[in-house]
Amino acid sequence: MPNNDTISEVNSIFEQPWWWNAVTNQNWDVIEVKNGNELIARLPYYITKRLGQNIITLPPLTQTTGPWIKPLIGKPVNNLARRKEILDELIEKIPKKMNIDLYLNSENFYILPFRWHGFKYEPTFSYRIKTLNDVNIIFSCFRDKTRNEIRKAEKLLSITESSSIDILCDIQDKTFKRQDRINPYPKDLVSKLDESCCTHNARKFLTAIDAKGVVHAAAYFVYDTNVCYYLMGGADPEFRSSGAQSLLLWEGIKFAATVSKQFDFEGSNVEDIERAFRSFSADFVINYRITRLNPLLSFADYLKPKIKHIIGYKI
């Protein structure tokens, strides 16, 4: 585990050492590529077990990992060749006999070297508002239905900044229960991450509350100077028609405009959630998932979409 708490050699907040310390209980490591003493590439990793097999994967609540590669200057054709050299060296340092399942940051557009080293890859998707200069223009681009939901919710609800993780966990429990799933994020994990985010001034936790003090929805955002992410949240199923979640996302976007350059909704394979994110007229973002799995885990991965709904947690 590296000693530095905060570093500049990252693509996003999800690669900061302090983040990994919080979500892995300091049980992680990093692969580095150097040119002399100069760091030119970096990939944090976490080893756990899946079906009894060791696997390098993402820790809980961590959306993507690196690799971070030092910005290259020069002709594009030369830069791509140099990027390949760096990736080849980095990939060679990944343990050969270890199962791998990672979601890479969207900065990693050149994915072919992983394929040539025996990895499979597939695109995953998110939505991102890439310019936060004018929130009024952003609002005007929302789908009509979404704008109307927000206006309606503004008349019924107030937005409160919260510090109670109990509220967030309770809302998430209700949200996952509505999906016939078990909340995969235990309270102690969420609390530890929240404590670290507060220490590094990297989170905003908002709730939407009615005149009786009842919480309709909660949203938890994490951010750095580049991107503000909607990390987690949910709504009380009893009040789904109140528009609380749309209102909270709008408040999150407005907040993001004060601290970051972009706002990311994070992706979802749940059709209704994807539709909701899409209604905010954000840009499509591709993050690549890379895998190198033994036959047992490959078969389990094939079955995962079918099994996950039944057993209610991530395999």
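Here we summarise the structure given alongside this text. Since we're looking at a predicted model, the values are computed, not measured.

Across its full length, the chain carries ten helices and twelve strands. Against the compact-globule benchmark of 20 Å for 315 residues, the chain has a radius of gyration of 20 Å, which places it among compact chains. Taken along the three principal axes of its C-alpha coordinates, the chain extends 60 × 45 × 35 Å. Every one of the 315 residues in the chain was classed for burial, and the buried ones make up 50%. The contacts in the chain between residues at least 6 apart in sequence include a share of 71% that link residues at least 24 apart. Working note: accessible area of the chain is about 16000 Å², and carbon and sulfur atoms make up 50% of it. If you average the places of the 42 positive and of the 37 negative side-chain charges in the chain, the two averages end up 4 Å apart.

What follows deals with the packing of helix 1 (residues 17-24) against helix 7 (residues 187-199). The N-to-C vectors of helix 1 and helix 7 enclose an angle of 160 degrees; their axes lie 8 Å apart at closest approach. With respect to helix 7, the axis of helix 1 lies roughly antiparallel. Of the two elements, helix 1 crosses helix 7, and the hand of that crossing is right-handed. In this structure, helix 1 contributes Trp 18, Trp 19, Asn 21, Ala 22 and Val 23 to the contact, and helix 7 contributes Leu 189, Lys 192, Leu 193, Ser 196 and Cys 197. Looking at the contact of helix 1 with helix 7 residue by residue, the class counts come to seven nonpolar, two polar and one charged.

We now examine helix 8 (residues 244-259). With 16 residues, helix 8 should reach 22 Å at 1.5 Å per residue; the first-to-last C-alpha distance of 23 Å fits that figure. For helix 8, every residue scored as buried is listed here: Ala 244, Ser 246, Leu 247, Leu 248, Leu 249, Trp 250, Gly 252, Ile 253, Phe 255 and Ala 256.

Together, Leu 112, Trp 116 and Tyr 121 line one region of the surface with nonpolar side chains, adding up to about 290 Å² of accessible area. Within the fold, Tyr 121 resides in strand 6 (residues 120-129).

A few words now on the packing of aromatic side chains. The full count for this structure, using the stated rule, is 22 aromatic pairs. Aromatic side chains Phe 14 and Trp 19 sit 5.0 Å apart centroid to centroid with 85 degrees between the ring planes, which places their arrangement in the edge-to-face category. For the pair Phe 14 and Trp 19, a shared accessibility class is recorded, and that class is buried. A ring pair is formed by Phe 263 and Phe 265, whose centres lie 4.9 Å apart and whose planes are at 85 degrees; its orientation type is edge-to-face. On the basis of relative accessible area, Phe 265 is assigned to the buried category, the value being 1%. Grouped by ring-pair contacts, the aromatic residues Phe 139, Phe 142, Phe 221, Tyr 230, Trp 250, Phe 263, Phe 265, Phe 277 and Phe 280 constitute a single cluster.

Quick notes on the rules
- Residues numbered from 1 in each chain as written.
- Predicted model: local features only at pLDDT ≥ 70, side-chain atom pairs only at ≥ 80, totals over all residues.
- Heavy atoms only, no water.
- Helix = DSSP H or I, 4+ residues; strand = E, 2+ residues; numbered from the N terminus.
- Rg over C-alpha atoms; globule rule 2.2 N^0.38 Å.
- Buried < 20%, exposed > 50% of the residue type's maximum accessible area, 1.4 Å probe, protein only.
- Contact = heavy atoms within 4.5 Å.
- Areas by Shrake-Rupley, 256 points an atom, 1.4 Å probe, with all protein chains shown as cover.
- Lys, Arg positive; Asp, Glu negative; His and termini not counted.
- Charge placed at Lys NZ, Arg CZ, Asp CG, Glu CD.
- Axes fitted to C-alpha atoms, helices over the stretch in contact; angles between N-to-C directions.
- Parallel < 35°, antiparallel > 145°, perpendicular 65-115°, else oblique.
- Left-handed = near helix turned anticlockwise from the far one by under 90°.
- Nonpolar A, V, L, I, M, F, W, Y, C, P; charged D, E, K, R; others polar.
- Expected span 1.5 Å × (residues − 1).
- Patch = residues over 30% accessible without salt bridge, like charges linked within 9 Å, V, L, I, M, F, W, Y side chains within 5 Å.
- Salt bridge = Lys/Arg side-chain N within 4 Å of Asp/Glu carboxyl O.
- Phe/Tyr/Trp six-rings, centres within 6.5 Å; stacked < 30°, edge-to-face > 60°.

As far as function goes, none of this settles anything; it's purely spatial.
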